[in-house]
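Take a look at the letters that make up each chain.
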Amino acid sequence: MDPEEFRRAGHAVVDWIADYWETVGQRPVTSQDPPGAVAAALPAGPTEQGEPVEAVLADLDRIVAPRLTHWQHPGFFGYFPANTSGPSVLGDLVSSGLGVQGMLWATGPACTELETVMLDWLADLLDLPKRFRSTGPGGGVIQDSASSAALVATLGALHRASKGRWRTDGVDRRYRAYASTQGHSSIEKAARMAGLGADGVRAIEVDPATQAMRPAALRAAIEADLAAGVVPAIVVATIGTTSTTAVDPVAEIGEICAEHGVWLHVDAAYAGSAAVCPELRWSHAGVEYADSYCFDPHKWLLTGFDCDAFWVADRGELIEALTVMPEYLRNAATESGVVIDYRDWQVPLGRRFRALKLWFVLRWYGVEGLRAHIRSGVALADRFAARVAADDRFELAAPHPFSLVCFRLRAGDEASAELLRRVNTTGRVLLTHTRIEGRYALRLAVGSPLTTEHHVDEAWHLLSTEADALLSD
Ligand SMILES: *Cc1c(COP(=O)(O)O)cnc(C)c1O
């Protein structure tokens, strides 16, 4: 494909995406086809002779698009949002076109430096502690996901807890991680990958009303472990848990960590984006105690997957934990000690130029544009929650500080699960569910940039009429 052919085909692809965004709201949110439908529609192998891009676009229309879950659909209220946006796609396109590998500063200086500055901008935008800035002892990096951030934080913590011995001796079951019972599954996965074993994470109980970690229970667990000769390595506090968006008391947890020299990682994967709004920064009280912090612009900040922003308070400690220097990567810039080599901040060696999509997003929307997006999500969630609260058949199942509303039918678990099934089969919305203190709850998470009052009202109307039908059955 020469540049002229690329130009022509590229325009066609951009048109295809723009058409998709214009019409996605008219599609069913989810596909009802059985497993195997897509595979059965594909040929057994590639064509002998090359085909034009138009042929691929036709099959995108015919085979792929009808069998997707449309995450950018205005009626998508499942899980957490996974935003994308025009500027994000365009920044990613430039990244693909440049095809740069940013593993070392020397393999793409602008790739590294733009990322460092974008993470400093983001730290300012969220009003994160000064020590996370690259101009201080810390710094930020883009990880593919909050799961990778949890693994990298765990490795840094093990490095500290073992006084560097984990690099040579490995780990054994003497080290432990702590998170609330509501902590994300990636924490357990990280501990397992780091070699802490099946009981490597202690699940700390939560307050039943708020679903937030109980600091006294954390203290008791750490002290019991210390008494038994186990070394507490890392505590993961969550701002905005996946189930209900509960906010752990980070300041109280931080004080306990500081007392015992335990690494504190703050996982704000979804709710970190809320901190772009000053009125929502109460949720980040105590982050000054954190040794590391992450959030996912790819969830709620208009930046396409993958983009997790991860900061450490002491970059030296992280680099010491992760660096390996083979001869073929030696270079003068690294040896000078004045550059950042991001390969030492992550698990893989290679890395894409992901800072470009952040740059495009931050410049296109500006601070006020990003705040408007977050505020719209919060306002729409409030609007929906008010409908739930005013209806005797329903009840709110948890506080809703951000843009997720957890609710249920008072008629019980089975009725609530059946209601979810019925509204989702309409194809107009997708909601998901959770359990809170053992009881079933529906989750409605607002966040698609296309979602408006109209769509939230439609979701409520569907729930309300399906509830009528179900309760009179
Ligand atoms: C979504 C989520 C994660 C995992 O996110 P990935 O970036 O997909 O790995 C981790 N923690 C919390 C609290 C989440 O909500």
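Located above this text is the structure these notes cover.
The text that follows walks through the structure, step by step, so that each part is easy to find. (Residues numbered from 1 in each chain as written. Predicted model: local features only at pLDDT ≥ 70, side-chain atom pairs only at ≥ 80, totals over all residues. Heavy atoms only, no water.)

Digging into the sheet that holds strand β1 (residues 139–143)
Then comes step 1: Spatially, seven strands are ordered β1-β7-β6-β5-β4-β2-β3 in an open sheet, and the strand pairing comes out mixed. Two strands in the sheet have a free side with no partner beyond their single neighbour: β1 and β3 (201–204). The average angle at which neighbouring strand axes cross in this sheet is 20°, direction not considered.
Then comes step 2: Relative to strand β5 (residues 263–267), strand β4 (residues 231–238) runs parallel, the two sharing five bridges. Note that in β5 the partner of Val 235 across the bridge is Leu 264. (Pairing = 2+ DSSP bridges. Helix = DSSP H or I, 4+ residues; strand = E, 2+ residues; numbered from the N terminus. Axes fitted to C-alpha atoms, helices over the stretch in contact; angles between N-to-C directions.)

Focus: empty space enclosed by the protein
Think of a ball as big as a water molecule: rolled over the atoms, this probe shows where empty space is left.
Then comes step 1: Evaluation of the coordinates by the stated rule reveals one cavity of 30 Å³ or more.
Then comes step 2: Empty space within the largest cavity amounts to approximately 30 Å³.
Then comes step 3: What lines the largest cavity is His 73, Pro 74, Gly 75, Arg 428, Val 429, His 455 and Glu 458.
Then comes step 4: When its residues are assigned to classes, the lining of the largest cavity shows two nonpolar, three polar and two charged. (1 Å grid on protein atoms, 1.4 Å probe; cavity = no way out; pocket = protein on both sides within 12 Å on 5 of 7 lines; lining within 4 Å. Points joined across faces, edges and corners; volume = space filled by probe spheres on them. Nonpolar A, V, L, I, M, F, W, Y, C, P; charged D, E, K, R; others polar.)

Some details on the site of the ligand
Then comes step 1: By nearness alone, 14 residues border the ligand, and Ala 146, Ser 147, Asp 267, Asp 296 and Lys 299 come closest of all.
Then comes step 2: At a separation of 2.6 Å, an oxygen atom of the ligand approaches a polar side-chain atom of Ser 147.
Then comes step 3: Contacts to the ligand include Lys 299, whose side-chain N or O atom sits 3.0 Å from an oxygen atom.
Then comes step 4: Burial of the ligand by the protein amounts to 88% of the accessible area it has alone, namely 380 Å². (Near = heavy atom within 4 Å. Polar contact = N/O pair within 3.5 Å; in protein donor to acceptor, adjacent residues only side chain to side chain. Areas by Shrake-Rupley, 256 points an atom, 1.4 Å probe, with all protein chains shown as cover.)

Concerning the nonpolar core
General note: in soluble globular proteins, nonpolar side chains tend to be found buried as a group.
Then comes step 1: Formed by 65 residues in total, the largest nonpolar core has its most connected members in Leu 122, Leu 218, Val 235, Tyr 293, Phe 295 and Trp 311.
Then comes step 2: For this core, the element with the highest residue contribution is helix α14 (residues 355–389), accounting for eight residues.
Then comes step 3: Two domains each put at least three residues into this core: domain 2 (100–352) and domain 3 (360–472).
Then comes step 4: Excluding its chain neighbours within four sequence positions, the residues that come into contact with Tyr 293 are Leu 126, Leu 128, Phe 132, His 265, Val 266, Ala 268, Gly 272, His 284, Val 287, Ala 309, Phe 310 and Trp 311.
Then comes step 5: In terms of nonpolar packing, the next biggest core, distinct from the first, is built from 33 residues, Trp 166, Ala 194, Ile 234 and Leu 318 among them. (Core = buried A, V, L, I, M, F, W, Y, C linked by side-chain atoms within 4.5 Å. Buried < 20%, exposed > 50% of the residue type's maximum accessible area, 1.4 Å probe, protein only. Domains from an automatic or database assignment. Contact = heavy atoms within 4.5 Å.)

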